[in-house]
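Survey of secondary and tertiary structure
Each chain, letter by letter, is given below.
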Amino acid sequence: MTKLVVLKLDGDLQQGVRVTLSIAHEGVSPHKEVTGNLPPIAPLQTTIDQWRWHYRSLGSSPRGIKAIKVTYEGSITQKYEDCKNSGKELQKRLNNWLLSESFRPIRESWLKELQEKELVRVLIRTSSQQLRQIPWHLWDLVEEYPNAELALSATDYQKTITAKTPTKRDQVKILAILGNSTGINIETDRKLLNSLPNADVTFLVQPQRHEINDSLWEKPWDILFFAGHSQTVGDSGRIYINENQESLTTDDLKYGLKKAKSNGLAVAIFNSCDGLGLGSELEALHISQIIVMREQVPDEVAQVFLKHFLVAYANDGKPLYQAVKEARLKLHGLEDKYPCASWLPVICQNAGTAPPHWLDLGRRPTEISPYRGLFAFREEDAQFFFGRESFTQMLIDAVQNQPLVAVIGSSGSGKSSVVFAGLVKRLRDTGNWHIVDFRPGSRPLFNLATALVDQQESHFMPFLNEVALSDPPLIRGDGEIGVGGMEDVASSHKIGISTTHHQKGSQILPPVLSRTERLREIRNLASDLGQCENGLRDVVDDILSVDPNQRLLLVADQFEELYTMSRDAQERKAFLDRLLEAISHCRNFTFVITLRADFLGQALSYRPFADALQYADLKLSPMTDEELQAVVEKPAALLGVTIEEGLVERILSTISVEPGNLPLLEFALTQLWAKQLHAQLTRAAYKEIGGVEAALAGYADEAYNQLNFEEKERAQRIFIQLVHPGEGAEDTRRVATRAEVGEENWDLVTRLANARLVVTGRDEKTGLDTVEVVHEALIRNWGQLHQWMQQDRDFRHWQESLRVAMRTWESSGNDEGALLRGKSLVDAEYWERQRFLELSTVERSFIGLSVEFRERESRKKKRRRQYTVLGLSVGLVVALSLAGVAGWQWQKASISEITTTSASSEALFTSNQELEGLTAAIRAGQQLKKLPWVDTDTQTTVANALQHLLYRT
């Protein structure tokens, strides 16, 4: 970093000088201030006068001192030696004075605070013309510090405070006044100025006073240059502007110079004699930097100094002070012919300004924004395109070596930007490429034909303009503008163009198409491309036949439109076939596409095109933090706008981990740019726009409100699928598949991706298309989405639990035991009825399988119950049958026993055992009563037996 050393000198050589030293980093308040004194030294003025007398005696013609050689007569040689010796005496006396004890604090502070290799600007600030005449560059400290250089500055100065605004660098505007050149050669000055890079030089040769004044008022200038004769009279400077000896002082041009200063004049160079008076007066007008010659300057010295200064300053980009010092020191090589030549160049500076670098010149106020918001960078935006330099070089190498290159990346990764602002810009700058670009759209063949026809017209337009300038235009009979002397001739069929040509003599001029003719040619070519094999191949060969050294680049941007917008499968196939034919057979032809990664599967669905894409793709990965930092900082720097400390880090901490981050970043920067203050992007402005979060939410509302009613309903269904409902925590973003948002909604997903509200991609593991919200901030800060989630939270909670159940079922190998059942299935049937459209086919299928399983299980249970009842019934019948047999047998036995007992009662009674016989008869009767059923014969037998015994008793 440059250090600024200011030596403020109050006094003179007769009374002594009070010195105040301050040291600071450039643009920062001084951190060191020391005072000292230099004692009176009147003899130093005598020494200066003696040196000036000896120097001026070498020749009196301004910028016309003749070269001195030691072979000249003795008097000239003596003058040379006298000048040289007086210079040595002056240097010695000056440094002895600067070694004074009272000046020691100044010297010691210099040595302590400044490192030998540091860049140092030294300002000698004084209002004393006597002190300004001292060659301060002879101070030993300045000579010992290789990167230190001095300038003269007044004690009083006015720092101009203007509101800083963005500025765009244009060519450096130089007003070069080539004045009275009697006896000198200023053609070398002209050639040196004309060789400057990125400079626009306006020469006023031997001008009149009003020409200079008018030029200062009319245009903005960065550098004012004068070469010719000039001198200082007293304290004033004067330039001689023409051979009529007309001269001007700075006071004569005061108002014009003030106007030039307000329009940006920063540097004035007077490559002429005796310019200290000019320097003082221009400094008073607040011109930032003035370079003059201390004394009369030989022509060769002026030319050599200008050459080395301009090379160091403009070509090598060195700071102005270092460029002056380098050029001044190189004049030592001429001091054998021109003594003290290295003493002559002097910088005079307004203390309130800093010297500009060459790249700081040429800046003009601009309303251009270097950020692109949600739009891609185009070729004309290339100067503001940063962060993709490495990929751009990879892309250039690929285009140079292969006929097909596919740039593949997620939405928002910057595919279009890197192709147009990177590749196309670089190739066009080489000058040997024809470049044609188009988007497939809904009519890919027609759009391709349109681009080719337009390319043919633009290719011939420069030649047509030249002819139009050389011949007066005539109105043809059909009302079209023609060229004088040209006649209609037979039509030709170049690249499918059948149109009228004109000729003058033997010169055939390019076609001039009316709007009707142009449309006809586009339709004809589109038809040929669709029906004729090798149709595009023929067109490419025809374009390149004009100049075999040229190459043709055909760019199809947003190639996914071939699948999203084109509904004609036959046209799509013909379009791809024509491209493949050209890729396979055309020399010096390259076809480049930009393709979203989520459409790669569709591009690969056509086998011939899939084969061509093998090893032909370049995948555009997310930017690194360093690349993102360049995206933020470098465009602003190009327009002279600074960024408040800490703001870049704050922005990148929000952006860097997000998908589709480039459009989001550019969008925030665009809004921030509109709120800059004094050419600075501030943290306060970033807070005012709400950071990335609020800026995005506002944009989301605007984009959503552009949808119709039906699309808004679909958008709601899409967005709630992209949010994972939090349970005791914030909602978070989730990646949804194409099936989850609905195949029927993917067209709207594509539109939302184009609007940068969502990011589409492709799951490399599953091959499924995916979509997610562009930024987590959208969930946190977009009120519309928050409202949707509040309404649908119960549904989304259930849906997420459903998906968990589905994953469990899938991981179990589709085991039926993992299907829904019970309350879970009842809930699923309820939500399916309520939100049928918001369930994917897979989810509905899973619920359907669970219902089928439940019904199968229900039917199985019913059949089991039926079988059980039947079994029980049969068992009961059998049991009852068995019981009946057993009962019958038991009853039969009981009856047999009763019969036997009854018969035995008769036998006992007959054998005079009356009581036993009666008891047996009674027992038989009692047993008979216990039986549920007894036949009539048994009942009669037992009853008769008992009656008979009772009767006999």
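Residues numbered from 1 in each chain as written. Predicted model: local features only at pLDDT ≥ 70, side-chain atom pairs only at ≥ 80, totals over all residues. Heavy atoms only, no water.

This brings us to the pattern of salt bridges. This model, assessed by the stated rule, comprises 47 salt bridges. Linking Asp454 and Arg518 is a salt bridge whose minimum nitrogen-to-oxygen distance equals 3.0 Å. Here Arg518 lies in helix 15 (residues 515-531) and Asp454 lies in helix 14 (residues 444-470), a separation of 64 residues in the sequence. On the basis of relative accessible area, Arg518 is assigned to the partly exposed category, the value being 28%. Close ionic contact of Glu800 with Arg796 constitutes a salt bridge, the shortest N to O distance being 2.8 Å. Separated by four residues within a single helix, Glu800 and Arg796 lie in helix 30 (residues 783-811), roughly one turn from each other. The exposure class of Arg796 is buried, given its relative accessible area of 0%. Each of Arg734, Glu740, Arg796, Glu800, Arg803 and Glu843 takes part in one network of salt bridges that share partners. (Salt bridge = Lys/Arg side-chain N within 4 Å of Asp/Glu carboxyl O. Helix = DSSP H or I, 4+ residues; strand = E, 2+ residues; numbered from the N terminus. Buried < 20%, exposed > 50% of the residue type's maximum accessible area, 1.4 Å probe, protein only.)

Turning to the side chain of Glu335, a few remarks are in order. Examined against the element boundaries, Glu335 turns out to sit in the loop between helix 11 (320-330) and strand 15 (345-349). Look past the residues within four positions of Glu335 in its chain and what remains in contact with it is Tyr80, Cys340, Ala341 and Ser342. (Contact = heavy atoms within 4.5 Å.)

What follows is about the sheet that holds strand 25 (residues 589-596). Taken together, the five strands give an open sheet; going across it, the order is 18-24-25-17-26, and neighbouring strands pair in parallel fashion. The two strands at the open ends of the sheet, each matched to only one other strand, are strand 18 (433-438) and strand 26 (617-619). Averaged over all pairs of adjacent strands, the angle between their axes in this sheet comes to 20°, without regard to strand direction. In terms of strand pairing, strand 17 (residues 404-409) meets strand 25 through six bridges, oriented parallel. Across the sheet, residue Gly409 finds its bridge partner in strand 25, namely Arg596. Of the strands in this sheet, strand 17, strand 18, strand 24 (551-556) and strand 25 are in contact with helix 18 (residues 569-585), which crosses strand 25 at around 140°. (Pairing = 2+ DSSP bridges. Axes fitted to C-alpha atoms, helices over the stretch in contact; angles between N-to-C directions.)

Right, let's talk about the nonpolar core for a bit. Side chains that are nonpolar tend, in soluble globular proteins, to be buried together. Counting residues in hydrophobic clusters, the biggest one holds 148 residues, and the most contacted among them are Leu395, Val419, Leu553, Phe559, Phe591, Phe609 and Phe719. Per-element accounting of this core gives the leading share, nine residues, to helix 30. Setting aside residues no more than four positions away along its own chain, Phe719 makes contact with Leu752, Leu757, Val758, Val773, Leu778, Trp782, Leu785 and Trp788. In terms of nonpolar packing, the next biggest core, distinct from the first, is built from 116 residues, Val6, Ile106, Phe226 and Trp358 among them. (Core = buried A, V, L, I, M, F, W, Y, C linked by side-chain atoms within 4.5 Å.)

Our focus in this paragraph is the packing of helix 26 (residues 709-720) against helix 30. Where helix 26 contacts helix 30, the axes come no closer than 10 Å and their chain directions differ by 65°. On the basis of the axis angle, helix 26 is roughly perpendicular to helix 30. Helix 30 is crossed by helix 26, and the crossing has right-handed handedness. Where helix 26 abuts helix 30, its residues Ala715, Gln716, Phe719 and Ile720 lie against Leu785, Trp788, Met789, Gln791, Asp792, Phe795 and Arg796. Taken together, the residues of the contact of helix 26 with helix 30 sort by class into seven nonpolar, two polar and two charged. (Parallel < 35°, antiparallel > 145°, perpendicular 65-115°, else oblique. Left-handed = near helix turned anticlockwise from the far one by under 90°. Nonpolar A, V, L, I, M, F, W, Y, C, P; charged D, E, K, R; others polar.)

Turning our attention to the environment of Leu248. Counting through the fold element by element, Leu248 comes out in strand 12 (residues 247-249). When its relative accessible area of 2% is taken as the criterion, Leu248 is described as buried. Between the C-alpha atoms of Leu248 and Ser230, which are 18 residues apart in sequence, the distance is 9.4 Å. In contact with Leu248, not counting residues within four places along its chain, are Arg209, Ile212, Gly237, Arg238, Ile239, Ile241 and Leu253.

Turning to unusual backbone geometry, a few remarks are in order. The phi dihedral of Asp274 falls on the positive side, at around 50°, and the residue is not glycine. The exposure class assigned to Asp274 is buried, which follows from its relative accessible area of 13%. Backbone geometry at Cys340 places phi at a positive 60°, although glycine is not the residue there. For Cys340, the location among the structural elements is in the loop between helix 11 and strand 15. Judged by relative accessible area, Cys340 falls into the buried class, the value being 7%.

Moving on, we come to the sheet that holds strand 33 (residues 769-773). Read across the open sheet, the three strands follow the order 31-33-32; overall the sheet is antiparallel. Bordering the open sheet on either side are strand 31 (736-737) and strand 32 (758-762), each of which pairs with just one other strand. For strand 31 and strand 33, the ladder comprises two bridges, and the chain directions are antiparallel. Note that in strand 33 the partner of Ala736 across the bridge is Val771.

A complete count under the given rule lists zero disulfides for this structure. The thiol of Cys340 is not disulfide-bonded; the next cysteine sulfur, from Cys83, is found 4.2 Å away. (Disulfide = S-S within 2.5 Å.)

In this section: the packing of aromatic side chains. If you walk through the whole model with that rule in mind, you get 28 aromatic pairs. Taken together, a centroid distance of 5.9 Å and an interplanar angle of 55° make the contact between Phe103 and Trp139 tilted. Separated by 36 residues along the polypeptide, Phe103 in the loop between helix 2 (74-97) and helix 3 (104-113) and Trp139 in the loop between helix 4 (129-132) and helix 5 (140-144) bring together distant segments of the chain. Note on Phe103: relative accessible area 2%, which makes it buried. With 5.4 Å between their ring centres and 55° between their planes, Phe377 and Phe385 make a pair best called tilted. Overall, Phe377 belongs to the buried group, its relative accessible area being 6%. The rings of Phe438, Phe559, Tyr563, Phe575, Phe591 and Phe609 are connected pair by pair, giving a single aromatic cluster. (Phe/Tyr/Trp six-rings, centres within 6.5 Å; stacked < 30°, edge-to-face > 60°.)

Turning our eyes to something else, we now look at the packing of helix 22 (residues 647-655) against helix 23 (residues 661-674). Each pair of packed helices can be summarised by the angle the axes make with each other and by the distance between the axes. Viewed as axis vectors pointing N to C, helix 22 and helix 23 meet at an angle of 145°, and their least axial separation amounts to 10 Å. As for the relative orientation of helix 22 and helix 23, their crossing is right-handed in sense. Only Asn661, Leu664, Leu665, Leu669 and Leu672 of helix 23 make contact with helix 22, whose side of the interface consists of Leu647, Ile651 and Ile655. A breakdown of the residues in the contact of helix 22 with helix 23 according to their chemical character gives seven nonpolar, one polar and no charged.

Take helix 10 (residues 299-315) next. Between the first and last C-alpha of helix 10 there are 23 Å, a value that for 17 residues agrees with the 24 Å anticipated at 1.5 Å per step. The buried fraction of helix 10 is high, at twelve of 17 residues. Asp299, Val301, Ala302, Gln303, Val304, Phe305, Leu306, Phe309, Leu310, Ala312, Tyr313 and Ala314 are the residues of helix 10 that are buried. On its buried side, helix 10 packs onto helix 6 (187-194), strand 9 (223-227), strand 13 (267-271), strand 14 (289-293), helix 11 and strand 15. Phi for Gly317, located one or two positions after helix 10, is positive at around 70°. (Expected span 1.5 Å × (residues − 1).)

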